[in-house]
Amino acid sequence: MNGVESASADAPVRLRELTTLRLGGPCGEVAVAESEDALIAAVAGADACGTPVLVLSGGSNVVVADAGFDGRVVLVRTRGISTGVCNDSELVEVAAGEPWPDFVAQMVASGRSGVEALAGIPGCVGSTPIQNVGAYGQEVADTIVGVRVWDRAAGAVVELDSASCRFSYRSSTFKVNPDRYVVLSVRFRLPLQSASAAIRYPELAIRLGVGLDQPADLADVSRTVLELRRGKGMVLDAEDHDTWSAGSFFTNPILTPDEAASLAPAAPRFEAGGGRVKTSAAWLIDQAGFSKGYGLRPDATVTISTKHTLALTNRGGASTEELLELARAVRTGVRAKFGVTLMPEPVLVGCAL
């Protein structure tokens, strides 16, 4: 279906039905876009009459207020994958609405290297450049060569090359300018080879039995990553409340050398470029007293995942305000103990920490 549905008083559309956290109040109307033209029309039409727009695909990296969203929610449901060869690499252009886990599985099965360590991440392809999605030593910035977008300010379709996307750790020009661009498709350069990209994540290298910066078999990498993610509650499962989350709720802090030096010797430290140091948000949270399964009350409907301290989870019947209450407590506790302020990774809609 392509078109706009108005939410009725009898059966309002609630954002909790469209997000992996299963949280969020009602919205005014929903436009389901199954083609690029329909996606552009839904956004441009709302812009023309001053209607606020919320673009959603998989709903996996968003926290929506209990009050909901007073505007048009545009659901990206476009599909399509096309390929072409350039400089001995496979160029793959993917519609924004393609489910990311399915895309990665297809690339691995067809012998295309570069996204295998990103297996199992929920969401759709068009969302990945916004956040510069990354895991287990890979980021989409490693392989993206261009992003086609609807530029809402210019009223035109344009293509941004990788440099223009201004990728950085969990950020991009799309995240910095959230109301300007709507991603239409993403072009990747994925080499045709049976070996993976170099393994850069120690835990993954150990599980694969290879050295750091060494490749491994594509299928082995994808399978091992999925096993690791499932063990941390990071692969969607409707029966597992540990997966009722937005994934990692906080980003890993990037610190100055002096800030990093003030941490305990046991704190993880990774070179982050420009003389800066990345540390582990999960370690900080745990060491500040917020362990796996932690809730503010014995009957809490929002707790830290029982499998991973970076995920805040809906145990059923939760509210967004309860989620934010726990997030604030974690952030305050980490800041009090370490002097480090954690930053949220999901997009917050109508709410704030």
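What this report covers is the structure whose coordinates are included nearby. (Residues numbered from 1 in each chain as written. Predicted model: local features only at pLDDT ≥ 70, side-chain atom pairs only at ≥ 80, totals over all residues. Heavy atoms only, no water.)

Of all the 8 residues making up strand β5 (residues 69–76), 7 are buried; the element is thus mostly covered by neighbouring parts of the structure. As paired elements, strand β2 (residues 27–33) and β5 share 6 bridges and run parallel to each other. Each bridged residue has a counterpart across the sheet, and for A31 the counterpart in β5 is V74. The pairing of strand β3 (residues 53–56) with β5 spans 4 bridges and is classified as parallel. Residue V55 lies in a different strand from β5, and its bridge partner there is V74. (Buried < 20%, exposed > 50% of the residue type's maximum accessible area, 1.4 Å probe, protein only. Helix = DSSP H or I, 4+ residues; strand = E, 2+ residues; numbered from the N terminus. Pairing = 2+ DSSP bridges.)

Moving on: the side chain of D240. Note on placement: D240 falls in the loop between α7 (218–231) and β13 (254–255). Owing to a relative accessible area of 18%, D240 belongs among the buried residues under this scheme. Within the local environment of D240, its side chain forms a polar contact with the side chain of K307, the two groups lying 3.2 Å apart. (Polar contact = N/O pair within 3.5 Å; in protein donor to acceptor, adjacent residues only side chain to side chain.)

Take the nonpolar core next. What tends to happen in soluble globular proteins is that the nonpolar side chains get buried as a cluster. Among the nonpolar cores identified, the biggest contains 53 residues, and W100, F103, F188 and L204 are the most heavily contacted of them. No other element matches strand β12 (residues 181–191), which puts 7 residues into this core. In contact with F188, other than residues within four places in its own chain, are E90, L91, V92, V94, W100, F103, V125, T128, V140, T143, I144 and V145. Within the second largest apolar cluster, 33 residues are counted, among which are A267, L323, F338 and C351. (Core = buried A, V, L, I, M, F, W, Y, C linked by side-chain atoms within 4.5 Å. Contact = heavy atoms within 4.5 Å.)

Time to look at the side chain of T143. Position of T143 among the secondary structure elements: in the loop between β9 (138–139) and β10 (144–151). By relative accessible area, which is 8% here, T143 ends up buried.

A few words on helix α2 (residues 100–109). Because the α-helix completes a turn every 3.6 residues, residues three or four places apart line up on one side. Buried within α2 we find W100, F103, V104, M107 and V108. Buried residues along α2 cover an arc of 130° about the axis, so they all sit on one side. One or two residues past the end of α2 sits G111, with phi positive at roughly 75°. (Arc of directions from axis to C-beta.)

The next subject is empty space enclosed by the protein. Following the criterion strictly, the structure yields 2 cavities of 30 Å³ or more and no others. One number sums up the size of the largest cavity: a volume of about 50 Å³. What lines the largest cavity is L296, R297, A300, T301, V302, E322, E325 and L326. At 3 residues, the largest contribution of residues to the lining of the largest cavity is made by helix α10 (residues 320–338). In terms of residue class, the lining of the largest cavity is built from 4 nonpolar, 1 polar and 3 charged. Considered as a void within the structure, the second largest cavity measures approximately 30 Å³ in volume. Around the second largest cavity, the lining residues are A117, Y136, G137, Q138, A197, A198, I199, R200 and L204. By residue class, the composition of the lining of the second largest cavity is 6 nonpolar, 2 polar and 1 charged. (1 Å grid on protein atoms, 1.4 Å probe; cavity = no way out; pocket = protein on both sides within 12 Å on 5 of 7 lines; lining within 4 Å. Points joined across faces, edges and corners; volume = space filled by probe spheres on them. Nonpolar A, V, L, I, M, F, W, Y, C, P; charged D, E, K, R; others polar.)

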